[in-house]
Amino acid sequence: MGEVEEVTPTMEKVLRIQRVFINLLDSYSSGNIGKFLSNCVVGAALEEVTEEEEEEDESKSATTDGFSRLKEGTFQIVGTLSKPEGVRPNFAMETYSSISREDLLMRLLECDVIIYNITEVAQQAEEAIWAVSALNEEVSHFEKRKVFILVSTVMTWARSKPLDPDDSEVPFTEEDYRRRKHHPNFLDHINAEKMVLKFGKNQAKKFATYVVAAGLQYGAEGGILHHFFKMAWAGEVPALPVFGDGTNVIPAIHVLDLAGVIQNIIDHVPKLRYLVTVDESVHTLEDLVKCISKNTGTGKIQRLPKENAFLAKDLTQECLDQLLVNLRMEALFVKENFNIRWVAQTGFVENISNILKEYKQSRGLLPIKICILGPPAVGKSSITEALSKHYKLHHIKVKDVISEAIAKLEAIVTPKEEGQEEKEGEEEEEEEEEEENVEEAQELLDGIKENMEQNAGRLEDQYLIRFVKEKLKSMPCRNQGYILDGFPKTYDQAKDLFNQEEEEEEEDVRGKIFPFDKLIIPELVCVLDASDEFLKERVMNLPESVVAGTHYSQDRFLRALGNYRELNTEDESVLNYFDEIEIHPIHIDVGKLEDPQNRLAIKQLIKEIGEPRNYGLTAEEKAEEERKAAEERLAREAAEEAEREHQEAMEMAEKMARWEEWNKRLEEVKREERELLEAQSIPLRNYLMTHVMPTLMQGLNECCKVRPDDPVDFLAEYLFKNNPELQ
């Protein structure tokens, strides 16, 4: 086992290491490491962690939108981005994208610590080798020691032979790193590890290099396990898939615990250059998937052939390799020598509640819980339906809840067929539980049927509250949220539905009038209302086909409206209940909006509720939206093109008309000019014919006879002498 170098824990010496370079700051792993380090005081890992500090750290949320930079002397984070247009993380001082190797080397030389994370993008291994080689050539110019940390993966150990052939449970540790055999798809990773260790071997005092072999990373936004979280949260499948038999052991580490190890390496600068970073758990793939399913989904898993894993769109080959690895590892050096404020030291399963909480907060997957109340025919169902589609929430109607509950009870008490039992052979635990509950379910079902017979098809509150509460506590409603349509109707129903169970009351009473169940209580209550005249007129205008067989018939509607008014004028109404627990209802007068489709009411509620809190559109929905957008764009472009062609045709026709008019006017002007010139030339022509031409003809004849040397002078002199006017 390696030793930790003696470091004088004086702040003056420790503060030398401040500037930290991390590649791909906009990726999951590097981003969380950078965010963590940006909130760590340089040298803090040299001090022992007290119990008070541990409690304080546990109370802080590690997945908020950026860590608060209130402490002085924290690490200054710089690094590269994977995309040129990427947004710079708020914890980074500088980010670089699309820069040359020469410029990147200059940035690296400015840093005290260089971290290259190759766990997510294998192509970064080549850049990491270049970086450590280029820095090694500049060692003679280093003013102080630089630390280079390569964050690699335990997949470089994936094909290692067991330490004890007779005992496969003996874990690998850092001391065995020379015996490691890499997975065929992780050749670049092990080559990068060897190069980093090679360059730091001889010049450790000026250039210390480290390799961190990290287990499968989880926590914060989810990492590779995000695929299973999303599938369970959205309820896309009845059971989460386990590829293969699921018995393979996967070494894992919370991404913030990995960041804590890196912080300790920077502060301690240990002599050991190769460190394994995994938590203390020995979880199989089945353990991980079953835990996610139980706490986020249906609680069921389904074993599939390994080949089926390649059909998963969200899982790359590299991700699948990590999910299918079978490897036992132990991080002895980290556990014995470092001071880490562990987030999940005992592993994924034991810390699932905190992991799930931070996962949902990181991705904004917070449930939206709404209760819509109001008189009959006010538009509750149509508004609730529109909101449930917009926010992808579960629309809870009391009638549907009762039908679903009865169907579920009947399915439990109905004996299964032989073929069905064989098909569900994998779910033995669930079957045993169902067998135990058959008698209880039969008793409940008999009580329900008897109660409905005695009350003309209606169900008493004791059953109604039980079924609605079970529905609100179901995993889909806990994940996405719900919209409760027109229930509860009375103060007692609200109190029985939302109050905490008796065994929980002592913990959370905390001075309140009465405790309520935070898990199912709505965050927004909306009361729709309108005058009786408005509601009666709306029902009267409904088509006969819609009214037939519903409570909108005249007698039933008037009776229901009267009951609603009576219940809401009592001293203790359902609205009083929500006011008492300080959830003040929003009142919307539908009659005053004058909007038969309730679009204005829906718009007002969407404004109150805010943005959706889910994953956004699915791939199919995105493709459909893109298709519609493309069609709209093409239609718009075609309309614009037609309008432009029409405009050009009109302009051309107008231009031709102007051209013809101009030519016509030009011909007219020319004709007028000719006539004017002819009229003006007549007197001159007459004068020439009478007085000039005779003398000119005589002069020309005379010139022909004499033949002078200069005919022009001769003719001019002749005309001057024989000018009739002078004579």
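Everything below is about the structure printed above this text.
Computed from a prediction, not measured in an experiment: that's the story for all the values here.

Caption draft 1: Fine view of the overall build of the chain. Tallying secondary structure elements over the chain gives 28 helices and 16 strands in all. Evaluated residue by residue, the chain yields a buried proportion of 43% over its 727 residues. By element, 49% of the accessible surface of the chain is carried by carbon and sulfur atoms, the whole surface being about 41,400 Å².

Caption draft 2: Quick peek at the packing of aromatic side chains. The full count for this structure, using the stated rule, is 17 aromatic pairs. Aromatic pair Trp157 and Tyr274: ring centres 5.9 Å apart, planes at 55°, arrangement tilted. In this pair, Trp157 sits in the loop between strand 5 (146-153) and helix 6 (187-199) while Tyr274 sits in strand 10 (residues 274-277), placing the two residues 117 residues apart along the sequence. We classify Tyr274 as buried; its relative accessible area is 1%. With a centroid separation of 5.3 Å and 90° between ring planes, the pair formed by Tyr218 and Phe348 is classed as edge-to-face. You can see Tyr218 sitting in strand 7 (residues 216-218) and its partner Phe348 sitting in the loop between helix 11 (332-337) and helix 12 (352-363), a full 130 residues away along the chain. On the basis of relative accessibility, which here comes to 1%, the residue Tyr218 falls in the buried class. Assessed through its relative accessible area of 1%, Phe348 is described here as buried. Through successive ring pairs, a cluster of aromatic residues spans Phe21, Tyr116, Phe142, Phe148 and Phe207. Stacked on the ring of Phe199, the Lys or Arg Lys198 has its end atom at 5.6 Å from the ring centre.

Caption draft 3: Examining the nonpolar core more closely. Ranked by internal contacts, the top residues of the largest apolar core, which has 115 residues, are Leu37, Phe148, Ile149 and Phe348. By residue number, the principal contributor to this core is helix 8 (residues 255-268), which donates 8 residues. Ignoring any residue separated from it by four or fewer positions in sequence, one finds Leu37 in contact with Val20, Ile22, Phe75, Ile77, Ile115, Ala259, Ile262, Gln263 and Ile266.

Caption draft 4: Geometry of unusual backbone geometry. At the junction of Phe487 and Pro488, the peptide bond is cis and its omega measures out at 0° in the coordinates. Structurally, Pro488 can be placed in the loop between strand 14 (481-485) and helix 19 (491-498). You will see that Ala220, though not glycine, has its phi angle at about 55°, which is positive. Note that Ala220 resides in the loop between strand 7 and helix 7 (226-234). Positive phi outside glycine occurs at Ala377, with the angle close to 70°. Here Ala377 lies in the loop between strand 12 (368-373) and helix 13 (380-391). Judged by its relative accessible area of 7%, Ala377 falls in the buried class.

Caption draft 5: Representation of the packing of helix 7 against helix 9 (residues 285-296) in the model. Interhelical geometry of helix 7 versus helix 9 gives an angle of 30° and a closest axis separation of 9 Å. With respect to their mutual orientation, helix 7 and helix 9 come out roughly parallel. Every pair of crossing elements has a handedness; the one defined by helix 7 and helix 9 is right-handed. On helix 9, the residues touching Phe228, Phe229, Ala232 and Trp233 of helix 7 are Val289, Ile292 and Thr296. Grouping the amino acids of the contact of helix 7 with helix 9 by side-chain chemistry returns 6 nonpolar, 1 polar and no charged.

Caption draft 6: Fine view of the pairing of strand 1 (residues 19-22). Where burial is concerned, the two faces of strand 1 agree: the one with Arg19 and Phe21 and the one with Val20 and Ile22 are both buried. Pairing of strand 1 with strand 2 (residues 76-80), which is carried by 4 bridges, proceeds in the parallel orientation. Note that in strand 2 the partner of Arg19 across the bridge is Gln76. Where strand 1 and strand 4 (residues 113-117) come together, 3 bridges link them in parallel fashion. Across the sheet, Phe21 pairs through a bridge with Ile114, a residue of strand 4.

Caption draft 7: Summary view of the side chain of Arg273. Residue position: Arg273 is located in the loop between helix 8 and strand 10. What makes Arg273 buried here is its relative accessible area of 16%. A polar side-chain atom of Arg273 sits 2.8 Å from the main-chain carbonyl oxygen of Pro270.

Criteria and thresholds
Residues numbered from 1 in each chain as written. Predicted model: local features only at pLDDT ≥ 70, side-chain atom pairs only at ≥ 80, totals over all residues. Heavy atoms only, no water. Helix = DSSP H or I, 4+ residues; strand = E, 2+ residues; numbered from the N terminus. Buried < 20%, exposed > 50% of the residue type's maximum accessible area, 1.4 Å probe, protein only. Areas by Shrake-Rupley, 256 points an atom, 1.4 Å probe, with all protein chains shown as cover. Phe/Tyr/Trp six-rings, centres within 6.5 Å; stacked < 30°, edge-to-face > 60°. Lys NZ or Arg CZ within 6 Å of the ring centre and 35° of its normal. Core = buried A, V, L, I, M, F, W, Y, C linked by side-chain atoms within 4.5 Å. Contact = heavy atoms within 4.5 Å. Axes fitted to C-alpha atoms, helices over the stretch in contact; angles between N-to-C directions. Parallel < 35°, antiparallel > 145°, perpendicular 65-115°, else oblique. Left-handed = near helix turned anticlockwise from the far one by under 90°. Nonpolar A, V, L, I, M, F, W, Y, C, P; charged D, E, K, R; others polar. Pairing = 2+ DSSP bridges. Polar contact = N/O pair within 3.5 Å; in protein donor to acceptor, adjacent residues only side chain to side chain.

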